[in-house]
Amino acid sequence: PAAMGAGFGAGLGLALASSAFIGASFVLKKKGLLRLCGRARAGQGGHAYLREWLWWAGLLCMGVGEAANFAAYAFAPATLVTPLGALSVLVSAVLSSIFLNEQLNVHGKIGCILSILGSTVMVIHAPQEEEVSSLESMAEKLKDPGFIVFAVCVLVSSLLLIFVAGPRYGQSNVLVYVLVCSAIGSLSVSCVKGLGIALKELFSGKPVLKEPLGWVLLVCLVICISIQINYLNKALDIFNTSVVTPIYYVLFTTAVMTCSAILFKEWQHMVLDNIIGSISGFLTIVSGIFLLHAFRDMPFSPSLLPLFLQPGRPDRHQSCQHQPLLPSEDKGSQSAEEEEEE
């Protein structure tokens, strides 16, 4: 149990460090691109950004973050590592508002708070038992009939989306290409998990390079990542980033959690409280990411607030209490009528 807890802590720390480095990398690269000052920009086909040290620092941070994320899968369950990737969006949004003067409105701040709360809940309730610790056990898991059925369903549905739904609805429906990325991404995370275990055994002195499973996982990982990048770029080219990003995060994380539950049986030994807590934490993160992206460009002025919350405006209820029931003109006419009657 002590070694298992240490492995979980190492995986959690690597996942958090990965989110921090990846989130900071976007800001550093953006800062480097803004310093070009009239030189040929990247959007115009130029490569002047290669001379900016800030851009290279961002690229280095991206590499360190991806390496930490890769290593995190070797120590912690994928059900924990994958949802925590949302924190990179949070780090990028907060640092952009500080160093790039990009406005973070009320919806974005609420989304950041919800993402932190949801991540905390998921860390508390995430499965901590590691079911796969060697390539031999990984091979046994891959032969499980449940995973074979899941993998066949993923491949068949992806082929139908690519060759049938893509030509017809790919240009008008954002779900077509995003579903391809998410479904194939669940298999790529499984490959990353297996390769992480293989690297752990390699560093411990075991002859892992002679095992064919490691090479098969590497080839499958390259194919899956190539498909993901291709169709994610198509989705981003057709639709708005603020639409693609939250939908992709939700579908990708859901697919990964489903695949992990089937392949690694991460939820098998969890009590009902932890299952409900993990699902609730995930839905909270989803809500935060949705608020952070969907309403990112929506202006939020004080005039949209209720009257009693607007600065410099008196409370409507209090002002109504102190107002006379009848206008002054009506009161004057009423007193004249009373005098005539008398």
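See above for the structure.
All values derive from a computational prediction rather than experimental measurement.

(A) Summary view of the packing of helix H2 (residues 53–75) against helix H8 (residues 175–203). Running from amino to carboxyl end, H2 crosses H8 at an angle of 80 degrees, the nearest separation of the two axes being 8 Å. One way to sum up the angle between H2 and H8 is to call them roughly perpendicular. Counted together, Phe 70, Tyr 73, Ala 74 and Phe 75 of H2 and Val 189, Val 192, Lys 193, Leu 195, Gly 196, Ile 197, Leu 199 and Lys 200 of H8 form the full contact between these two elements. Along the lines of polarity and charge, the residues of the contact of H2 with H8 split into nine nonpolar, one polar and two charged.

(B) Local environment of the packing of helix H4 (residues 86–99) against helix H11 (residues 272–294). Axis separation between H4 and H11 bottoms out at 11 Å; the angle between their running directions is 35 degrees. Crossing angle aside, the handedness with which H4 passes H11 is left-handed. In contact with Ala 86, Val 89, Leu 90 and Ala 93 of H4, H11 contributes Ile 285, Ile 289, Leu 292 and His 293. In terms of residue class, the contact of H4 with H11 is built from seven nonpolar, one polar and no charged.

(C) Structural context of the nonpolar core. Judged by nonpolar contacts, the single largest core of 57 residues is most densely connected at Leu 80, Phe 147 and Leu 187. For this core, the element with the highest residue contribution is H8, accounting for 14 residues. Not counting residues within four places of it along the chain, the set of residues in contact with Phe 147 comprises Lys 141, Leu 142, Leu 187, Cys 259, Ile 262 and Leu 263. If you look at the next biggest cluster of nonpolar residues, it comprises 10 residues, including Ala 86, Met 122, Trp 267 and Val 286.

(D) A look at the environment of Ile 148. Relative to the assigned elements, Ile 148 resides in helix H7 (residues 145–169). With 114 residues separating them along the chain, Ile 148 and Ile 262 place their C-alpha atoms 9.7 Å apart. Leave out the neighbours within four places in its chain, and Ile 148 touches Leu 142 and Lys 143.

(E) Expanded view of H4. With 14 residues, H4 ought to run about 20 Å at 1.5 Å a step, and its terminal C-alpha atoms sit 20 Å apart, in line with that. Among all positions of H4, only Ala 86, Leu 87, Ser 88, Leu 90, Ser 92, Ala 93 and Ser 96 are buried. Directly after H4, the chain includes Asn 101, whose backbone phi takes a positive value near 55 degrees.

About the criteria used
Residues numbered from 1 in each chain as written. Predicted model: local features only at pLDDT ≥ 70, side-chain atom pairs only at ≥ 80, totals over all residues. Heavy atoms only, no water. Axes fitted to C-alpha atoms, helices over the stretch in contact; angles between N-to-C directions. Helix = DSSP H or I, 4+ residues; strand = E, 2+ residues; numbered from the N terminus. Parallel < 35°, antiparallel > 145°, perpendicular 65-115°, else oblique. Contact = heavy atoms within 4.5 Å. Nonpolar A, V, L, I, M, F, W, Y, C, P; charged D, E, K, R; others polar. Left-handed = near helix turned anticlockwise from the far one by under 90°. Core = buried A, V, L, I, M, F, W, Y, C linked by side-chain atoms within 4.5 Å. Buried < 20%, exposed > 50% of the residue type's maximum accessible area, 1.4 Å probe, protein only. Expected span 1.5 Å × (residues − 1).

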